[in-house]
Amino acid sequence: MDAPEDAPDGRRRDGRAPQDRADLAGVTDGADDAGERRPDGSASGSGTRSTTCSTDVPTASDTSYVPNTSDLTDAPNTSGAPDTSGAPDTSGAPDTSGAPNTTHVPNTSDLPDTSGAPNTSDLPDTSHVPNTSHVPDASNTSGDGRPARIAGAGHAQAEGDPDAENPAEAGRLAPDGSLVVVGAGLAGLSAARAARQLGFTGPLTIVGAEAHLPYDRPPLSKDYLSGSAGADALRLMPDDDPLLADARWLRGRSATGLVVDPTGRAHEVLLDDGTRLAAGGVVLATGSTARPPEAAGVPQAPNVHTLRTREDADALRAALVPGARVLVVGGGLVGSEIASTAVGLGGHVTVVDPAEAPLSHLVGPLLAPALLARHARAGVRLLTGRSVAGVEPARTPSAPTAALTAVHLDDGEIMGVDVVVVAVGDAPASGWLAGSGLVLADGVVCDEVGRASAPGIVAVGDCAAWFSPALGRHDRGRHWHDALDRPADAVAALLGVDAPRRRAYVPYVWSDQYGSTIQVVGRPALADALEVADGSLDDPGAGLLVDLLRDGVPVAAVALDRPRDLARRRKALTAQA
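Each value, and the rule that gives it
- Each residue is numbered by its place in its chain's sequence as written, counting from 1.
- Local features in this predicted model are restricted to residues whose pLDDT is 70 or higher, and side-chain atom pairs enter the listing and the counts only when it is 80 or higher, whereas totals over whole chains, interfaces and linings include all residues.
- Hydrogen atoms and water are omitted, and side-chain values are computed over all heavy atoms in the structure.
- Only DSSP runs of H or I reaching four residues or more are called helices, and only runs of E reaching two or more are called strands; each is numbered from the N terminus.
- The span you would expect from a helix comes to 1.5 Å times its residue count less one.
- Burial classes follow relative accessibility: with a 1.4 Å probe on protein chains only, a residue under 20% of its type's maximum area counts as buried, one over 50% as exposed, and anything between as partly exposed.
- Salt bridges are identified by distance alone: a Lys or Arg side-chain nitrogen within 4 Å of an Asp or Glu carboxyl oxygen.
- Only when DSSP finds a minimum of two bridges between them are two strands counted as paired.
- A fitted line through C-alpha atoms serves as each axis, taken over the contacting stretch for helices, and the angle formed by two N-to-C directions is quoted from 0 to 180°.
- By definition, residues are in contact when any of their heavy atoms lie within 4.5 Å.
- As used here, the arc is the angular range of directions from the helix axis to the C-beta atoms.
- Positive charges are assigned to Lys and Arg, negative charges to Asp and Glu, while His and the chain termini are left out of the count.
- Identification of polar contacts relies on pairs of N or O atoms within 3.5 Å, with a donor-acceptor requirement for protein atoms, meaning one able to donate a hydrogen and the other able to accept it, and with residues adjacent in sequence counted only if both atoms are side-chain atoms.

J.: How should helix H5 (residues 333-344) be read in this particular structure?
T.: With twelve residues, H5 extends 17 Å from end C-alpha to end C-alpha; this agrees with the ideal 16 Å at 1.5 Å per step. Of all twelve residues in H5, ten are buried, a share of seventy percent or more. For H5, the set of buried residues is Leu333, Val334, Gly335, Ser336, Glu337, Ile338, Ala339, Ser340, Thr341 and Ala342.

J.: It is not clear to me how the pattern of salt bridges should be interpreted in this structure. Could you clarify?
T.: Oppositely charged side chains can pair when the atoms bearing their charge come close. Applying the stated criterion across every chain yields a total of 21 salt bridges. For Arg325, the salt bridge goes to Asp418, with nearest N and O atoms at 3.0 Å. Highlighted residues: Arg325 in strand S10 (residues 325-329) and Asp418 in the loop between strand S15 (414-416) and strand S16 (419-422), separated in sequence by 93 residues. Assessed through its relative accessible area of 37%, Arg325 is described here as partly exposed. Linking Arg476 and Asp442 is a salt bridge whose minimum nitrogen-to-oxygen distance equals 3.4 Å.

J.: In this structure, what is going on with the sheet that holds strand S24 (residues 529-535)? I would like to understand it.
T.: Strand pairing within a sheet occurs via backbone hydrogen bonds; the two strands may be parallel or antiparallel. Strand order across the open sheet formed by five strands is S22-S23-S26-S25-S24, with antiparallel pairing between neighbours. For this open sheet the edge positions go to strand S22 (508-513) and S24, each flanked by a neighbour on one side alone. Along the sheet, successive strands turn relative to each other by an average axial angle of 15 degrees, direction set aside. For strand S23 (residues 516-522) and strand S26 (residues 553-560), the ladder comprises five bridges, and the chain directions are antiparallel. Directly across from Val520, in S26, lies its bridge partner Val558. Against the sheet, helix H10 (residues 563-576) touches S22, S23, S24, strand S25 (544-550) and S26, its axis set at about 160 degrees to S26.

J.: I tried to follow the sheet that holds strand S6 (residues 276-279) on my own but got confused; where do I start?
T.: Ordered in space as S4-S5-S6, the three strands form an open sheet in which the pairing is antiparallel. Strand pairing shows two members of the sheet lacking a second neighbour, strand S4 (255-259) and S6, which therefore form its edges. Across this sheet, the average inter-strand angle for adjacent strands is 20 degrees, counted without regard to direction.

J.: I would appreciate a short explanation of the environment of Val298 in the present structure.
T.: Locating Val298 in the fold gives a position in the loop between strand S8 (288-290) and strand S9 (304-305). A residue is classified by how much of its surface remains accessible, and Val298, at 1% relative accessible area, is buried. Separated by 123 residues in the primary sequence, Val298 and Val421 have C-alpha atoms spaced 9.6 Å apart. Discounting residues that sit within four places of it in the chain, Val298 has contacts with Pro293, Val304, Val329, Val388, Leu404, Val420 and Val422.

J.: What should I look at first to understand helix H4 (residues 310-319) in this one?
T.: Along an α-helix, residues three or four apart share an orientation, since each turn contains 3.6 residues. Along H4, the residues that are buried comprise Arg310, Asp312, Ala313 and Leu316. Around the axis of H4, the buried residues are gathered within 155 degrees of arc, so they sit on the same side. Looking at the packing, one finds that the buried side of H4 touches helix H3 (223-226), S9, H5 and S16.

J.: I'm lost on the side chain of Asp312 in this one. Help?
T.: Here Asp312 shows up in helix H4. Despite being buried, Asp312 has no salt bridge partner; Arg217 is the closest side chain of opposite charge, sitting 6.9 Å away. Looking at Asp312, its side chain comes within polar contact range of the main-chain nitrogen of Thr309, at 3.0 Å.

Next comes the structure, spelled out in C-alpha cells:
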C-alpha cells in the first residue's frame, strides 16, 4: 500500500530514489522532496494502512489484518496501509482496503459497502456520516486556522455569563497535566512523540493491545509476507527513543471503556484488567479491525485468513507454499498486494470482487481498468462482479470449522482452494467507546483538527472521522500518512498551541504491486476527465502519469513508477488546497 521498504541507509531496495514522506513535525515544500521519514527519523517505505494501518487495535474482536499496509493498514492495511494502508495497516499500513466509496480518495481504508454484495473494496463508506450540530464544529476558525470554538457535549458556554469558561479553553491540557494515549500503532506513537515535541512534560501513558512496540503495518502484505524483510525492518522506534524515555508503556492491554468528565479535566480510561487510568487529556488511536470473513460470505476455517497483525502475516506466510491454490476475496489495495506477493511465492492466485472495477474508489473509475489489467499480466486471474455464494464442506454442527476445500461463486463456478484470504476492508475500533457519550459514526466524530465531542479528548488514525472541508463531511483517513502527520495537529489542539504542519492536507497513498509502485495524491473520485501526461493506458507497465480533472481543474494525480513527477503534482495540489 505504500512505497517499497527502504534500506537502513535510506536507499530503496529496488534502486529507485526514496519517496517523498512528511516528517512528523512538518514537511518541506520542495517539489523533489525525497526520503520520507519514519517517526524515529529513519527512512521508510510503507503506506496504505489497510494493512495499513498503523494504529493499534484494543478490542478482542479483532479478527484481522488491514489495510492500508501502515496503521497498513487504518493495515492498512494490509490497506489504506493500513493503511496491510492498510495498514493489517498493511499499514499500518496503510487501508490496508466491492462497490467502492467514490466520494473521496484514499478510501482504501479498504472497503465500501456494495449494497447486498460482500463489501470487498477495501474500505467502508463514510459518505453517510452527518455533520450534525452536536458534533465538533470546525467551520469557525481562529486566525491560526484552528477552530475558534467547539460546539458539543461538554462544550456549551452559559449564555450571557461572563465568568463561564471559554469552551476552547475547557479542554486544553496543561503542559504538566496527565496524558493517556490509547493505541500503540503509528498514530498513537506519532501523537505521543508530538506531545513531547510540542512541550508537554507531564506523565505520559501509552496503552497498546499488542505485545509489540509500534511497528509498520504496510509491509505485512508485501516484504514481510514474502519473507524478504524480517520483524526488525518493521520497527517504528528504537528502544531508547529519547522523546519517550519516561513514557509508561502498557502493552498487551486493551481499553474497554472511557469515563468522560464534562469539564475535560479528569477522564478515566478503563482497561481489560480492571485498571482505571486517570487522564487530563486522552488521545484515541485504537485504529481499525479487518472486516471478518463472514462479511464476504466466507465462514471461519483453519485455512481462511485476514491480515492485520504480525501474527496474521506469519500464519498466512506459512500457508503460501509453492503451488498453493490461493483465493483472495477483495480486489482493493490490500487484496491486490496479497495477490502480488502470493503469485511471487509460486501460488496459483485468483482474485474475486463483486465490483466491476475494484480500484475505482482509489484511482477513480476512469483509470481503474488500466491498473486492474496488471493482474492478468502477472498470471493472476481476476474475477470482477462475482461473489462467494457457498463453500465446501458446508458448515455443519459436526464439522463447524473444517478447512475449506472449494468455494462456490454466485455464477455457479466452483473452484478448489488451499488458502482463502479475505481482504474486504476495515471497521473503526471504536466499539469500546459506546456509552462514553462521545459522538460515534464510522469512528470517533471530530472537527477538522481531531477534537472529539467532549473537551480534553482527540482522536487520530483509523478510528477517527475528521471533518473534511474539501468533502463537506466527516471522513476516516485510513492511510499511513494520516497516521504519521495528522496526530500532531490533534495534539496541538489538545495543548492549545500552534500545530507544526506547514501545508494543507491532501490525501496521499501508495501501493507496491507486481514490482511497481502506484502513487495517488488528491481525490480521484471527484474527477470527470483525465489527461495522460506520460506513458500509455494501454501499456502502463512502462510507467504512467495521469492528471485527473474536474471542470478542467486538477483534483488528483496517479503515477506508476514516476515518484518525482508525482511529488511535483503533490506540491501543486497542496498549494491550491
